[in-house]
Amino acid sequence: LVLGSVLTLFGLIGQGVCSAWSFWLRYSFCFFLHMIGLNIIYAMMIALIPDQVPQKQIGVANGSLAFLLVTGSLFGFVLFHSILREDIQSMYALYTVILLLTTILTCSCAHERDVLLVEQQNNNNKIDENDEEESSSTTNSTKDMSSSMAVYPTTTTIRVFLKEVRMMLKSMLFG
């Protein structure tokens, strides 16, 4: 998420400067950085949902994400035409501020836990409570949840992936 935000930030600042000075080839490179960073951010948003949301609510969370992406895009167009009066430099500045605020908010609120592990612990606690109530029963009702759990990417897996992407970009850019 941070790598995507940094690439997007440099791309946005570069686009703002290059569009003001009509450096169109450099603008294209900054646009490329911006799009790579934005795609990394979108991939992280989608990957965070299974880590942060209980399994029963993942569909609703994905639908909410899609709705908010479309709504945010429409709001951005309305804002650009009505409030910013189609001033490109103001748009880049506002977009940069929004990027920084949302990145800080996400990094501070998205905690490092896998929701499936928490659900497994909660289910095990419920099972243990039921076992205590049915102490006269000789069978143990605890079952292994790991075999029935779906496998979702964790934030650790995503970090490893981003580290590989960062190394690939370094090798492409610096030889």
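A brief structural summary. (Residues numbered from 1 in each chain as written. Predicted model: local features only at pLDDT ≥ 70, side-chain atom pairs only at ≥ 80, totals over all residues. Heavy atoms only, no water.)

**Focus: the packing of helix α1 (residues 2-21) against helix α2 (residues 24-52)**
Relative orientation of the contacting elements α1 and α2 amounts to 155°, with a least axis distance of 7 Å. Here α2 runs roughly antiparallel to α1, going by the angle between their axes. In this structure, the crossing between α1 and α2 has a hand that is left-handed. Judged by residue contacts, L3, G4, S5, L7, T8, G11, L12, G14, Q15, C18 and S19 of α1 engage W24, R26, Y27, C30, F31, L33, H34, I36, G37, L38, I40 and I41 from α2. (Axes fitted to C-alpha atoms, helices over the stretch in contact; angles between N-to-C directions. Helix = DSSP H or I, 4+ residues; strand = E, 2+ residues; numbered from the N terminus. Parallel < 35°, antiparallel > 145°, perpendicular 65-115°, else oblique. Left-handed = near helix turned anticlockwise from the far one by under 90°. Contact = heavy atoms within 4.5 Å.)

**Topic: a nonpolar patch on the surface**
The grouping of I13, V17, W21 and F23 at the surface amounts to a nonpolar patch, some 420 Å² of accessible area in total. Along the chain, I13 falls in helix α1. You can call I13 partly exposed: its relative accessible area is 42%. (Patch = residues over 30% accessible without salt bridge, like charges linked within 9 Å, V, L, I, M, F, W, Y side chains within 5 Å. Areas by Shrake-Rupley, 256 points an atom, 1.4 Å probe, with all protein chains shown as cover. Salt bridge = Lys/Arg side-chain N within 4 Å of Asp/Glu carboxyl O. Buried < 20%, exposed > 50% of the residue type's maximum accessible area, 1.4 Å probe, protein only.)

**Some remarks on the side chain of S19**
For S19, the location among the structural elements is in helix α1. Excluding its chain neighbours within four sequence positions, the residues that come into contact with S19 are W24, Y27, I88, Q89 and Y92.

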